[in-house]
Amino acid sequence: MHRPSPKRIWIWQLAVALTLFAVWWALTASKLLPPFFFGEPLKVIARVVEWFVVGDIWQHLGVTLIETLLAFLIGMVLGLAIGLWLALSVTASTLADPYIKAFNAMPRVILAPIFAVWFGLGIWSKVALGVTLVFFIIFFNVYHGVREVSPVVLANARMLGASSRQLLRHIYLPSATSWVFSSLHTAVGMAFVGAVVGEYLGAARGVGYLILQAEGAFDINTVFAGILVLTGCALMLDWGVTLVERRLLKWRPSHLS
Amino acid sequence: MSAALQFDRISVTFPPRHRNEAPWHAVADTTLGIGEGEFVSVVGPTGCGKSTLLNVAAGLLAPSVGEVRVFGDRLTELNRHAGYMFQADALLPWKTAAENVGFGLLLAGLPPSDIADQPRHWLAKVGLSHAAERYPHQLSGGMKKRVGMAQALIVDPKILLMDEPFSALDVQTRQLMENELLALWQNNRKSVLFITHDLEEAISLSDRVVVLSAGPDTHPIGEFFIDLPRPRDVAEIRLTPGFVELHERIWQVLRAEVLKGYAQTVA
């Protein structure tokens, strides 16, 4: 099959975005869609530009990003520690199994109001929500990573004289982290979701809060502007994860290279 | 003199996997000794419990009945005198070739300078100096086996356990690896227990070939001393009359077992 060159495809991808914007503009400008509900793309872009030029957005964006980062880091450390523990201890994992399943099945976004009561309206209630989302992704991947260690590799390390601590350090941990890194995109995305949803449900700062405020004032253009900024932000986070991944997983066969 | 490795009336029984299955008697009443510096090959039909025997020798698996003695001492945990070369891929995929070779030294707590130098030396010995920084997925099957060989030998085990290490390689690579193994062994004679289903490989490498019966209840049914001169070239020795005659004699014993084993896998 003929594949366009990377440079070409980039142009085409941009063209798709511009077309979508043009259609949006045409529909709302011609009043086929009521601008009051669907916004006006030019005003949306003007609002985004204004945010960055005046600098209003930075403190909100900063808060959202700090919440995302903290949720991700805390969720990752907890998921790694508890995942390793449960995967290596049969007693602990049998005991915890129903609770892990129940807690994972629960729609955890519903915990946001409780976290708001517990941790206040500052960043920590959002971090807590993000942690509950990130934790399970990391946890299940660590669990699989440990369970999927090749028995031959394990036997080999033992024959070469590895103690149980050395097995953890040189076999289980690298295997678990490779699984964790493969889920990094989802985990960072979830941390971001936790932060924004938390802000949306009650906060004094953050992009989620900004969107909520605009909705209260029926300012649909600002809502769309907020969504646009969030999307851009999520794309940049994802790109950052890809960079980290490439560095840390260079030992893994890649179908890209 | 006590043997380097001595199986003393070993039986290994695996519990049934399902309730209405019978337990599997993999190995029954096996007595076998490997002298110091002796190269012993064990041949038998596929699935006859050869690997089970090796795992017992490594201490990875405890025999149901009987005992294993290593230099006269009863084996109760992992065999600390033994290095193991596996049939399957056993390299750590997240470590480079050099790191894999040096892994045993790292585990033993050697200073970093040794862990840097010795693997390089060993990689040179197996002809892989150029591939030190490559990860296992960037190595060919033969290269992986070389790294595995260096990894097992760098810690200088007195006993070397080998589980069909070259069975996944093509014939040419395989003969190269066999010659390399012989060259390394010639310089530093370890006691080797070599498991294979390939009779030619067994004869060309060994001092002694032991034939196992088909499973279940696998046990030795024949023992042959290989008095071919050393050093040997595995490709050339196959053409000598002595080799052909030994092959003929051992095959007489092995053939019936291979047919039995084959009948079982088909059934």
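Counting of residues starts from 1 at the beginning of each chain's written sequence and follows it residue by residue. In the order they appear in the text, chains get letters beginning with A and ligands get numbers beginning with 1. Per-residue local features of the predicted model are confined to residues with pLDDT of at least 70, and side-chain atom pairs are confined, for both listing and counting, to 80 or more; whole-chain, interface and lining totals are unaffected and use all residues.

Student: Please provide a residue-by-residue account of the overall build of chain B, values included.
Tutor: Going along the chain from the N terminus, every DSSP run of H or I of four or more residues is numbered as a helix, and every run of E of two or more is numbered as a strand. Looking only at helices and strands, chain B has 9 helices and 10 strands in total. Only C-alpha atoms enter the radius of gyration; for comparison, a globular chain is expected to reach 2.2 Å times N to the power 0.38, where N is the number of residues. For 267 residues, the compact-globule estimate of 2.2 N^0.38 gives 18 Å, and the C-alpha radius of gyration of chain B, at 19 Å, lies within 12% of that figure. For chain B, the spread of C-alpha atoms along the three principal axes comes to 50 × 50 × 40 Å. To sort residues by burial, count the other C-beta atoms lying within 10 Å of each one's C-beta; a count of 20 or more means buried, 12 or fewer means exposed, and anything in between means partly exposed. C-beta atoms are built from the backbone. A buried classification covers 44% of the 267 residues belonging to chain B. In chain B, 70% of the contacts between residues at least 6 apart in sequence involve partners at least 24 apart. Remark: residues whose backbone-derived C-beta atoms lie within 7 Å of one another are considered to be in contact.

Student: Run through unusual backbone geometry, naming residues and quoting values.
Tutor: When glycine is set aside, most residues are seen to have a negative phi, and most peptide bonds are trans. The step from R230(B) to P231(B) runs through a cis peptide bond, and the omega angle for that step is -5°. Within the secondary structure, P231(B) sits in the loop between β10 (220–225) and α8 (234–237). We note that F218(A) has phi near 55°; this positive angle belongs to a residue other than glycine. Note that F218(A) resides in the loop between α11 (207–216) and α12 (220–248). Residue classification places F218(A) among the exposed positions, given that 10 C-beta atoms sit within 10 Å. Unusually for a residue other than glycine, F71(B) sits at a positive phi of about 50°.

Student: Give me the lowdown on the environment of T28(A), citing residues and values where you can.
Tutor: Residues and elements named next belong to chain A. Here T28 is to be found in helix α1 (residues 6–29). Since 20 C-beta atoms lie within 10 Å of it, T28 is described here as buried. The spatial distance from the C-alpha of T28 to the C-alpha of F38 is 7.1 Å, given a sequence separation of 10 residues. Here T28 is in contact with L33, P35, F38, G39 and E40, once residues within four sequence places are set aside.

Student: Go over helix α6 (residues 112–119) of chain A with me, naming the residues and quoting the values.
Tutor: Residue and element names in this part refer to chain A. Among all positions in α6, only A112, F115 and A116 are buried. Down the axis of α6, the smallest arc covering the buried residues is 105°, so these residues share one side. Seen from the buried face of α6, the exposed residues on the opposite side, beyond 90 degrees, are I114, V117 and W118. Where the residues of α6 are buried, they touch α7 (123–147) and α10 (184–200). After α6 finishes, the residue G120 shows a positive phi value of roughly 80°. Directions from the helix axis toward the C-beta atoms define the arc.

Student: Account for the environment of M106(A), naming residues and giving values.
Tutor: Residue and element names in this part refer to chain A. With respect to the helices, strands and loops of the structure, M106 is situated in the loop between α5 (90–105) and α6. On the basis of neighbour counts, which here come to 11 C-beta atoms within 10 Å, the residue M106 falls in the exposed class. A sequence separation of 29 residues divides M106 from F135, and the C-alpha atoms of the two residues are 13 Å apart.

Student: Describe the domain arrangement of chain B, naming the residues involved and giving the relevant values.
Tutor: Residue and element names in this part refer to chain B. Each domain's extent was defined by an automatic or database domain assignment. For chain B, the domain assignment lists domain 1 (5–81 + 157–266) and domain 2 (88–156). Spacing between the C-alpha centres of domain 1 and domain 2 amounts to 25 Å. At the interface, 11 residues of domain 1 touch 9 residues of domain 2. It is helix α6 (residues 171–187) that contributes the most residues to the side of domain 1 that touches domain 2, 5 residues altogether. Charged means Asp, Glu, Lys or Arg here, nonpolar means Ala, Val, Leu, Ile, Met, Phe, Trp, Tyr, Cys or Pro, and polar covers whatever is left, Gly included. Residue composition of the side of domain 1 that touches domain 2, by class: 9 nonpolar, 1 polar and 1 charged.

Student: Could you give me a rundown of the sheet that holds strand β2 (residues 24–34) of chain B, with the residues and numbers involved?
Tutor: Residue and element names in this part refer to chain B. Paired strands, as defined in this entry, are two strands with at least two bridges between them according to DSSP. Overall, antiparallel pairing links the 4 strands, which are arranged β2-β1-β4-β5 in an open sheet. Each edge of the open sheet is held by one strand with a lone partner, namely β2 and β5 (73–74). Relative to β2, strand β1 (residues 5–14) is paired through 7 bridges, and the arrangement is antiparallel. Among the inter-strand pairings, F14 is bridged to a residue of β2, identified as W24.

Student: Give me the lowdown on α12(A), citing residues and values where you can.
Tutor: Residue and element names in this part refer to chain A. Expected helix span is given by 1.5 Å per residue-to-residue step, counting one fewer step than there are residues. Compared with an ideal rise of 1.5 Å per residue, which puts 29 residues at 42 Å, α12 spans 42 Å between its outermost C-alpha atoms and is within 8% of the ideal. When we look at burial in α12, the residues that qualify are N221, T222, V223, F224, A225, G226, V229 and L230. Turning to α12, the residues buried within the fold contact α3 (41–54), α4 (56–88), α10 and α11.

Student: Just give me the short version of the nonpolar core, but keep the residues and values in it.
Tutor: The term nonpolar core refers to a group of buried residues, namely Ala, Val, Leu, Ile, Met, Phe, Trp, Tyr and Cys, whose C-beta atoms join them within 7 Å. Grouped together as the largest cluster of nonpolar side chains are 124 residues, with contacts concentrated most on V134(A), I138(A), A187(A), A191(A), A57(B), L161(B) and L193(B). Broken down by element, the residue count for this core peaks at 14 residues, all from α7(A). Leaving out residues up to four positions away in the same chain, V134(A) has contacts with A71(A), F72(A), G75(A), M76(A), G79(A), A187(A), M190(A) and A191(A).

Student: Explain the interface of chain B and chain A to me, using residue names and the numbers behind them.
Tutor: If you look at the interface, chain B gives 20 residues, while chain A gives 15 residues. Elements supplying a minimum of two residues to the side of chain B that touches chain A: β6 (82–85) and α3 (103–107) of chain B. Its residues assigned to classes, the side of chain B that touches chain A comprises 16 nonpolar, 3 polar and 1 charged.

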